[in-house]
Amino acid sequence: MNRRSLRYRITSFFVGFLALALVVFSIAVYLGVRTFLTRSLEQTLANDARNIATDYLAQRNTKGDGWFLGELTEAYPPGLGHQFIRISQGSKVLFESGNMRDPYVSTSKLPMPSKPAWVNAIHRETAASGQRLMIYTLAYQESGRPQILVESGTTIDSIRHVLRSLFVILLLTIPVILIIASVGGHALMSRLLLPVVVLTDQAERIGRKDMGERLAVIPSGDELERLSLSLNKMIERLEDTLAHNHRFSADASHELRTPLTIIHGQLEELTQRSDLSAVAKDGIGSALEETDRMSRIVESLMTITRLDCGGERIQMIPVDLMAMASTTVEHMHLLAEEKSISLVCKSGLPVYVTGDPMRLKQVMVNLLDNAIKYTAFGGAVTVSAVTEGERAVVSVSDSGIGIPEEAVPFIFDRFYRADKGRSRESGGAGLGLAIVKSICSAHDAVISVKSNDGRGTTMQMELPLLLPSPSRIKDAQMATERVPGGYLRVADDGPEEKTIQPSKNS
């Protein structure tokens, strides 16, 4: 689970807040029950002591000590009850119920209520067996006679047992409630965020081919409906802006072609004149070179515009990238030989994708041309085409000058050149990689770069893989036989490496 997702954070907040509320509630319940049970027991002991004073001590003088002891013994049998009763006058014990049972508590060694604070109040004692007792002492005073103390006590085991059971119940219940709440909260958030997921998926699809699609408006009457409407308006504004830019690029490129062609033709006519000086011919030659460079820039801009706005139809047929890479390496080995560069094509099984062979070939040519152009004499360039899961990956690696880290995010932008001086010397205009990106976008492909300044660069193009089957391979062979140069190869018995070394005369 993604811990940064909105679903996870809201569920975590909800479960955390619920856990805090349950802990506070449990503490309040525990303290409330303990207070209630303690006060109830205290009240019971006080009532028992008062009842003894009212029912027995008050009639002792009229009915005699025999009646008094007999009634108390019948009401509180010695050693059989769970309550402790002791009636004393000074140091003389008038009645004692004896040891308690269930649990057994020896009361013979319990101290007499000698402290004034114990009289008409609750105090606690610890028996020899370790049992905790709660004792209420009542002072009964008859006119002209010494004060009589009535003690009524019992163990607090019942309270402790109830509290222990309550603690266990709370301890087991809280995690169960939190687990149920987390599962329910996650399911609830998944349901509530489902429209957002749908909007996200639709928004990701928009713009891959064109921006004519719109998000589905959620008729909920809440913020989600406003969000979908606002996003559609934003997409419409972006579409208008991009369409304007595409029209401007296409119109500008188209309008520039004619004057450039006229200028080029007139300059060529001037070069045929015999009365021109050497200086004038050199100037005209330089102008022709610049005109050719401008013409290439205009053609590149028109190509990018057609690819980006869908004005060019992409021919989607099965293509073997491995065969295409091998063929491209063979075609470009002369450029590598001029700089004594080792050009390597790592060969293996066919890698089939669907795409336009001419445009995919253009991508490989541009990537190889850049790799050779920015690799020093005696360097190496490696090309490979492999499958990774359901993707086909074409890699072009070189040992060249690399790309500065700060320039990597911008190298696919139009007219961007990391090293403007070297690009100018090599004739580059900063549109090659922009064309590569436009072709990849038209094929639902991803182009990426890994580079270390001064230690080489690796360009990777990833496309959806066309899973091989006998019928598809046969169709691919029939389709690509018509492509000049052919791009299919028979699979080798095992992987091999095809290396084109520079000639001795380079």
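Before reading further, recall that the structure is shown in the block above.
Residues numbered from 1 in each chain as written. Predicted model: local features only at pLDDT ≥ 70, side-chain atom pairs only at ≥ 80, totals over all residues. Heavy atoms only, no water.

The subject of this paragraph is the overall build of the protein. A count of helical and extended segments in the protein gives 11 helices and 13 strands. The proportion of buried residues among the 506 residues of the protein is 37%. Here the protein displays about 29200 Å² of accessible surface, and carbon together with sulfur accounts for 57% of that area. (Helix = DSSP H or I, 4+ residues; strand = E, 2+ residues; numbered from the N terminus. Buried < 20%, exposed > 50% of the residue type's maximum accessible area, 1.4 Å probe, protein only. Areas by Shrake-Rupley, 256 points an atom, 1.4 Å probe, with all protein chains shown as cover.)

A cluster of acidic residues, Glu268, Glu269, Glu289 and Asp292, forms a negative patch at the surface. Of all the secondary-structure elements, those providing two or more residues to the negative patch are α4 (223–271) and α5 (278–308). As for its placement among the helices and strands, Glu269 is situated in helix α4. According to the relative accessible area criterion, Glu269 is exposed, its value standing at 58%. (Patch = residues over 30% accessible without salt bridge, like charges linked within 9 Å, V, L, I, M, F, W, Y side chains within 5 Å. Salt bridge = Lys/Arg side-chain N within 4 Å of Asp/Glu carboxyl O. Lys, Arg positive; Asp, Glu negative; His and termini not counted. Charge placed at Lys NZ, Arg CZ, Asp CG, Glu CD.)

To continue, consider the environment of Leu367. Looking at the secondary structure, you find Leu367 in helix α8 (residues 357–373). Remark: the alpha-carbon pair of Leu367 and Val383, spanning 16 residues in sequence, is separated by 9.8 Å. Residues within four places of Leu367 in sequence aside, it is in contact with Val396, Leu433, Val436, Ile447 and Met459. (Contact = heavy atoms within 4.5 Å.)

In terms of nonpolar packing, the biggest core is built from 43 residues, with Leu321, Leu367, Leu368, Val381, Met459 and Met461 touching the most fellow members. With residues up to four places along the chain from it excluded, the contact list for Val381 reads Ile341, Ser342, Leu343, Val344, Leu368, Ala371, Ile372, Thr375, Val396, Ser397 and Asp398. (Core = buried A, V, L, I, M, F, W, Y, C linked by side-chain atoms within 4.5 Å.)

Burial of helix α10 (residues 432–442) is extensive: eight of the 11 residues sit out of reach of the surface. Every buried residue of α10 is listed here: Leu433, Ala434, Ile435, Val436, Ser438, Ile439, Cys440 and Ala442. Note on α10: the residue one or two positions beyond its end, Asp444, has a positive phi of about 55°.

Below, the discussion takes up the pattern of salt bridges. Tallied over the full model, the rule gives four salt bridges. Two residues, Arg86 and Glu151, come together in a salt bridge whose shortest N-O distance is 2.8 Å. Separated by 65 residues along the polypeptide, Arg86 in strand β1 (residues 84–89) and Glu151 in strand β5 (residues 148–155) bring together distant segments of the chain. Judged by relative accessible area, which is 1%, Glu151 ranks as buried. Ionic pairing is found between Asp369 and Lys373, a salt bridge with its closest N-O pair at 3.4 Å. Remark: Lys373 and Asp369 occur in helix α8; sequence separation between them is four residues, near one turn of the helix.

Geometrically, a pair of aromatic rings is defined through the distance of the ring centres and the angle of the planes. This structure, assessed with the given rule, holds two aromatic pairs. Judged by centre distance (6.3 Å) and plane angle (20°), the ring pair of Phe13 and Phe17 falls under stacked. Pair noted here: Phe13 and Phe17 are both in helix α1 (residues 6–75), with a separation of four residues, about one helical turn. What makes Phe13 exposed here is its relative accessible area of 61%. A relative accessible area of 55% means that Phe17 is categorised as exposed. Geometrically, the ring pair formed by Tyr56 and Trp67 is tilted, given 6.3 Å between the ring centres and 40° between the ring planes. For Trp67, a relative accessible area of 24% corresponds to the partly exposed category. (Phe/Tyr/Trp six-rings, centres within 6.5 Å; stacked < 30°, edge-to-face > 60°.)

Our focus in this paragraph is the sheet that holds β1. By definition, the strands of a sheet pair up through backbone hydrogen bonds, in either a parallel or an antiparallel sense. The antiparallel open sheet is built from five strands, whose spatial order is β2-β1-β5-β4-β3. Both edges of this open sheet fall to β2 (92–96) and β3 (121–126), since each of them pairs with a single strand only. In this sheet, neighbouring strand axes are inclined to one another by 25° on average, regardless of whether the strands run parallel or antiparallel. Relative to β5, β1 is paired through five bridges, and the arrangement is antiparallel. (Pairing = 2+ DSSP bridges. Axes fitted to C-alpha atoms, helices over the stretch in contact; angles between N-to-C directions.)

A few words on unusual backbone geometry. Although it is not a glycine, Asn120 sits at a positive phi angle of roughly 55°. Within the secondary structure layout, Asn120 lies in the loop between β2 and β3.

This brings us to α8. Each α-helix turn comprises 3.6 residues. Residues three or four places apart therefore point the same way. Across its 17 residues, α8 extends 24 Å between first and last C-alpha, which sits within 8% of the 24 Å expected from 1.5 Å per residue. Listed in full, the buried residues belonging to α8 are Pro357, Arg359, Leu360, Lys361, Val363, Met364, Asn366, Leu367, Leu368, Ala371 and Ile372. Looking at where α8 begins, the residue whose side-chain oxygen comes 3.0 Å from the main-chain nitrogen of Met358 is Asp356. (Expected span 1.5 Å × (residues − 1). Polar contact = N/O pair within 3.5 Å; in protein donor to acceptor, adjacent residues only side chain to side chain.)

It is worth spelling out the pairing of β2 at this point. The pairing of β1 with β2 spans four bridges and is classified as antiparallel. Paired with Ile87 across the two strands is Phe95, which belongs to β2. From the end of β1 to the start of β2, which pair antiparallel, there are two residues, and Gly90 there has a positive phi angle of about 70°.

Inspection of the sheet shows strand β10 (residues 391–398) paired to strand β12 (residues 457–464) by eight bridges, in the antiparallel sense. When the sheet's bridge partners are listed, Ser397 is paired in β12 with Thr458. Summarising the sheet, strand β11 (residues 446–451) and β12 pair through six bridges and their orientation is antiparallel. Bridge assignment links Ser448 to a residue of β12, and that residue is Gln460. Hairpin connection between β11 and β12: a loop of five residues separates the two successive antiparallel strands, and Gly454 in this loop has a positive phi of roughly 85°.

Once that is clear, we can look at the side chain of Asp320. Secondary-structure assignment places Asp320 in strand β6 (residues 317–320). At 3.1 Å, the side chain of Asp320 forms a polar contact with the backbone nitrogen of Met322.

This part is about the packing of α1 against helix α2 (residues 157–192). The interhelical angle for the contact between α1 and α2, taken along N-to-C directions, is 160°, at an axis separation of 9 Å. The angle between α1 and α2 falls in the class roughly antiparallel. In terms of crossing hand, the pair formed by α1 and α2 is right-handed. Grouping the amino acids of the contact of α1 with α2 by side-chain chemistry returns 22 nonpolar, seven polar and two charged. (Parallel < 35°, antiparallel > 145°, perpendicular 65-115°, else oblique. Left-handed = near helix turned anticlockwise from the far one by under 90°. Nonpolar A, V, L, I, M, F, W, Y, C, P; charged D, E, K, R; others polar.)

Note that all results are geometric; they support no functional claim without further evidence.
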